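Examining the three-dimensional arrangement
Here is how the chains run, residue by residue.
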Amino acid sequence: MITNRFQDKVALVTGGNSGIGRATAIAFAREGAKVVIAARRENLGNKVVDEIKSEGGEAVFIKTDVLQPHDVENLIQTIISHYGRLDCAFNNAGVSAPMKRLLNTTIEEWDLMVNTNLKGVWLCMKYELLEMIKHGGGVIVNNSSMAGLGSAEGISIYSASKHGVMGLTRAAALENARKNIRINAVCPGFIHTPMLEEPWAYNTKIKDSTLSMVPMKRFGKPEEIAGAVLWMCSDEASFMTGKEMVISGGQTV
Ligand SMILES: NC(=O)c1ccc[n+]([C@@H]2O[C@H](COP(=O)([O-])OP(=O)(O)OC[C@H]3O[C@@H](n4cnc5c(N)ncnc54)[C@H](OP(=O)(O)O)[C@@H]3O)[C@@H](O)[C@H]2O)c1
């Protein structure tokens, strides 16, 4: 069912050119939002914009590296000068790395994963919140992970970065609870995206062993996360803040 829950709303999706972000950008547009897609790869971003426009929706791509404070500040300022408001933000841009034990991880891996997944979300929230406070409200959803609630062998840095996202979400939700701003997180299990597929290329056994961990015996679809993000951004979730929604096909139960 397609509704107009986001008619006249402006929705930002970081990492909106691929995977979960792409599905969420398309879902927002189908429900009437003006969508801003922020990521680094322009060709992929413009493709999603074209897809949205071909369905009669509205979207723009703003090239942004969430590792760069100036890019994030410019992203939010451009949204405000273009649309005059920011109603919803899905802070989704993130990276993972091949699984390895903590002892074998490197400073470069720490810097990339923590700076993208955690500092990137913090930077986005900082500039989003400034505008939402000025405009009297808004909704933020951060993309954490089931690895942001529990953990597993071989994912120490990724898991630490995603636990950090939960801390940011909870503290910022409390700080803004009386400002008409709600902040929640989505915690996906294994979702079929380019990020999940990456390790399958060098080890085909990983796909089967990953799948065997999911009680539903299938990977999630990006659209199944998008639906949850839209619900958390909608008025139907008006009493939810500082919490997470776990969507994992029964994993972690
Ligand atoms: N797939 C899963 O199983 C799963 C499970 C739990 C959580 N997640 C989380 O879901 C989010 C989306 O991942 P995905 O699975 O959809 O993978 P994906 O298709 O690889 O998407 C990752 C997105 O992040 C963007 N990105 C990465 N670094 C960036 C940077 N420095 N600046 C701006 N954008 C950046 C990428 O765009 P550019 O490279 O063009 O910048 C891309 O759009 C991530 O935060 C991931 O940790 C995924």
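Residues numbered from 1 in each chain as written. Predicted model: local features only at pLDDT ≥ 70, side-chain atom pairs only at ≥ 80, totals over all residues. Heavy atoms only, no water.

**Considerations on the sheet that holds strand β4 (residues 88–91)**
Short version of the rule: Whether two strands pair comes down to DSSP finding at least two bridges between them. Strands are runs of DSSP state E lasting at least 2 residues, helices are runs of H or I lasting at least 4, and numbering of each runs from the N terminus. Axis lines are fitted through C-alpha atoms, for helices just across the contact stretch, and the angle between N-to-C directions can take any value from 0 to 180 degrees.
Pairing within the open sheet is parallel, and its seven strands lie in the order β3-β2-β1-β4-β5-β6-β7. This sheet does not close on itself; its edge strands, each paired only once, are β3 (58–63) and β7 (244–247). Going from strand to strand, the sheet's axes swing by 15° on average, the running direction of each strand aside.

**What to know about the site of the ligand**
Rules: Only a single heavy atom is needed: when it lies within 4 Å of a molecule or strand, its residue is near that molecule or strand. Whenever two N or O atoms come within 3.5 Å, that pair is a polar contact, provided that in protein one can donate a hydrogen and the other can accept it, and provided that, for residues adjacent in sequence, both atoms are side-chain atoms. All amino acids are sorted into three groups, where Ala, Val, Leu, Ile, Met, Phe, Trp, Tyr, Cys and Pro are nonpolar, Asp, Glu, Lys and Arg are charged, and the leftover types, Gly among them, are polar.
In the region of the ligand, 30 residues are neighbours, and N17, S18, R40, Y158 and T193 sit closest. N92 has a polar backbone atom sitting 2.8 Å from an oxygen atom of the ligand. One of the side-chain nitrogen or oxygen atoms of T193 is found 2.6 Å away from an oxygen atom of the ligand. Those elements that place two or more of their residues in the shell around the ligand are α1 (19–30), α5 (156–175) and α6 (194–197). Counted by class, the shell around the ligand contains 13 nonpolar, 13 polar and four charged residues.

**A few points about α5**
To keep it simple, the criterion reads: A helix is expected to span 1.5 Å for every residue after the first. Partly exposed residues are those whose accessible area sits between 20% and 50% of the maximum for their type, while under 20% is buried and over 50% is exposed, using a 1.4 Å probe and protein chains only. Any two residues having at least one pair of non-hydrogen atoms within 4.5 Å are treated as being in contact.
The end-to-end C-alpha distance of α5 is 29 Å, a good match for the 28 Å that 20 residues give at a rise of 1.5 Å each. The complete set of buried residues in α5 reads I157, Y158, S159, S161, K162, V165, M166, T169, A172 and A173. If you follow the buried residues of α5, they end up packed against α4 (107–134), β5 (138–143), β6 (181–188), α6 and β7.

**Concerning the environment of E55**
Mapped onto the elements of the fold, E55 is located in the loop between α2 (42–54) and β3. Between the alpha carbons of E55 and K162 there is a distance of 34 Å; along the sequence they are 107 residues apart.

**A word on the packing of aromatic side chains**
Going by this rule: Centre distance within 6.5 Å is the pairing criterion for rings of Phe, Tyr and Trp, where only the six-membered ring of Trp is used; planes under 30 degrees apart are then read as stacked, over 60 as edge-to-face, and the remainder as tilted.
Overall, the coordinates contain two aromatic pairs when judged by the stated rule. Ring centres of F6 and F28 lie 5.1 Å apart, and the angle between their planes is 80°; this geometry places the pair in the edge-to-face category. Remark: F28 occurs in helix α1 and F6 occurs in the segment before β1 (10–14); sequence separation between them is 22 residues.

**What to know about unusual backbone geometry**
For D8, which is not glycine, the phi torsion reads 70° and is therefore positive. Summarising the element assignment, D8 is placed in the segment before β1. Positioned with a positive phi, T252 is a non-glycine residue whose angle comes to about 80°. Note on placement: T252 falls in the segment after β7. Exposure remark for T252: the relative accessible area of 54% places this residue in the exposed category.

**Section: the environment of R85**
Along the chain, R85 turns up in the loop between α3 (69–83) and β4. Look at R85 and you get partly exposed, because its relative accessible area is 37%. Considering only alpha carbons, one finds R85 and G138, 53 residues apart in sequence, at a separation of 9.4 Å. Those residues in contact with R85, other than ones at most four positions away along the chain, are D8, V10, I79 and I80. Within the local environment of R85, its side chain forms a polar contact with the side chain of D87, the two groups lying 2.7 Å apart.

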